[in-house]
Amino acid sequence: MSGILIVDDEKDIRELIGDILRDEGYQVRLAGNSDACMAEINAEPPALMILDIWLKDSQMDGIDILKTVRRSNPDVPIVIISGHGNIEIAVAAIKQGAYDFIEKPFNIDQLMVVVSRAMETSRLRRENIDLRRREVTSAEMLGNSPAFKALKAQLEKVTKSNGRVMLTGPAGSGKELAARFIHAQSNRASAPFVSVSSATIEPERMEEVLFGRESSERGIEQGLLEQAHGGVVYFDEVADMPLGTQSKILRVLVEQQFARAGGTDKVRVDLRVISSTTRDLKTEIASGRFRQELYDRLNVVPITVPSLEDRREDIPELARHFIQMFHRTQGLPARELTSEAEAILQTMHWPGNVRQLRNVIERVLILGEGTGAIEAREMPGRDDAEEGEGRIVLGGALATLPLREARELFEREYLLTQINRFGGNISRTASFVGMERSALHRKLKSLGVVTTSKAGARVAHLEDEDDLEGEELED
């Protein structure tokens, strides 16, 4: 944004205001009619507009320009001036989104106070936007597992296009982070990223929240789609969007415009759409809960975000990242992780995925034992009795089996856990468990353990005679 744009059909007035503002150190641009005004705005949006209500020999008057600018550049404060001012015009201008109203002939001191406040508002808005963008840009995607690398490679391919992306994966796996990564690496990184939580917005308010509202009492209230103009709108859990809203979103995707609730003017928007879901949308379509046409529009580039259990190798790095984050944001101790604690984290069940890992780390730091390294016994679900005097407590099923069967069951589960912990890498598994690779291969074959490719990684599981995808373990 650049300078102050003064729009007035009276040359003497606009030049007088321009000279006054230049003396105060402001950059100034001048326009005498609506065409010149819109040309200046299209060339570069100003930081502030001073706009006359009445413009002779113009296709649009001041109110028309005000409406247009509020649609296309909602962050630009607009101060209305008029020699024919009255309270009705002032109220109408404010309801349409004007920052303030000044009546001609104006007092210079009054003008400077209003301009100073409006410029400060403009500056704070820009700083706010910059801070939000910086936060998005600094959102890191961490990991080195094959599944993570495959995901990141797919995301990097779509960053430079405007194609719509559908992110699928379990809850808590990081779908919004993936969407923010696309935005931060794209040519829209300097524009807004607006997240729409379809599951938390009340169905009866969904359209008002998305499209905004117009009323004589409150003027124009922008919706989320208008706030995202020029940037990215992210539909989180799009399967929860009401059917009626789905049809209207479909129209927006086709026409790139919509009307606010209670309004008639069309609002044009330039948006990139990213959506996500934890559900099978084809099942939702078959059951009549999701529109096939909307699915076809949103699912241009489908990308699967892997679960945490598909990228166990990344758990120690993610855990250390969360430790540093909580140290920085909450002042919690920046503790190290012992190798035993890392191993426990890598072998735990993670139905809540990365979100659950973050919560576990926060809980351990809050309830932790001092500032030393985090020990295995501090992990959730660990009982001191299980480790007392080098003993473990047998599960009920294991305790009822004969020794040979119990040993085979233990070996199978132990090796499955270790292989998946190391991302299907047989060499690293063999090194950790203390076996030669060839011996480990023979043991795994005897136990019926095979791997399949999943989300870019190799995942170990028990061989199933009906599973045609089972493959021999590889180094």
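Shown above is the structure to which this text applies.
The structure displayed is predicted, hence computed values, not measured ones.

Draft legend 1. Up close: the packing of aromatic side chains. One pass over the structure, following the stated rule, counts four aromatic pairs. Seen in terms of ring centroids, Phe211 and Phe258 are 5.3 Å apart; in terms of plane orientation they differ by 45 degrees. Their pairing is tilted. Taken as a pair, Phe211 in helix H8 (residues 206-211) and Phe258 in strand S11 (residues 257-259) lie far apart in primary sequence, 47 residues in all. One exposure class covers both Phe211 and Phe258, and it is buried. Seen from their ring centres, Phe410 and Tyr414 are 5.7 Å apart, and the 20 degrees between their planes marks the pair as stacked. Highlighted residues: Phe410 and Tyr414, both in helix H18 (residues 403-421), separated by four residues, approximately one helical turn. Overall, the relative accessible area of 45% leaves Phe410 in the partly exposed class. With relative accessibility at 31%, the residue Tyr414 sits in the partly exposed group.

Draft legend 2. Examining the nonpolar core more closely. In this structure, Leu225, Phe235 and Ile249 are the most contacted members of the largest nonpolar core, which totals 31 residues. Of all the secondary structure elements, the ones that give two or more residues to this core are strand S7 (193-197), H8, helix H9 (224-227), strand S10 (232-236), helix H10 (243-255), helix H11 (281-286) and helix H12 (292-298). Apart from residues lying up to four places away in sequence, Leu225 is in contact with Leu210, Phe211, Val233, Phe235, Ile249, Val252, Phe258, Val269 and Leu271. The next biggest cluster of nonpolar side chains, apart from the first, holds 25 residues, and it includes Met325, Leu332, Trp350 and Ile361.

Draft legend 3. Just the sheet that holds strand S2 (residues 28-31), in detail. What the five strands build is an open sheet, ordered S2-S1-S3-S4-S5; its pairing is parallel. Each end of this open sheet is capped by a strand with a single partner; those strands are S2 and strand S5 (100-103). Each strand axis lies, on average, 20 degrees off the axis of its neighbour in the sheet, ignoring direction. Direction of pairing for strand S1 (residues 4-7) relative to S2: parallel, over a ladder of four bridges. In the strand pairing of S2, Ile4 is matched with Val28. Along the sheet, helix H1 (residues 11-23) contacts S1, S2, strand S3 (48-52) and strand S4 (78-82); its crossing angle with S2, the most-contacted strand, is approximately 175 degrees.

Definitions and limits used
- Residues numbered from 1 in each chain as written.
- Predicted model: local features only at pLDDT ≥ 70, side-chain atom pairs only at ≥ 80, totals over all residues.
- Heavy atoms only, no water.
- Phe/Tyr/Trp six-rings, centres within 6.5 Å; stacked < 30°, edge-to-face > 60°.
- Helix = DSSP H or I, 4+ residues; strand = E, 2+ residues; numbered from the N terminus.
- Buried < 20%, exposed > 50% of the residue type's maximum accessible area, 1.4 Å probe, protein only.
- Core = buried A, V, L, I, M, F, W, Y, C linked by side-chain atoms within 4.5 Å.
- Contact = heavy atoms within 4.5 Å.
- Pairing = 2+ DSSP bridges.
- Axes fitted to C-alpha atoms, helices over the stretch in contact; angles between N-to-C directions.

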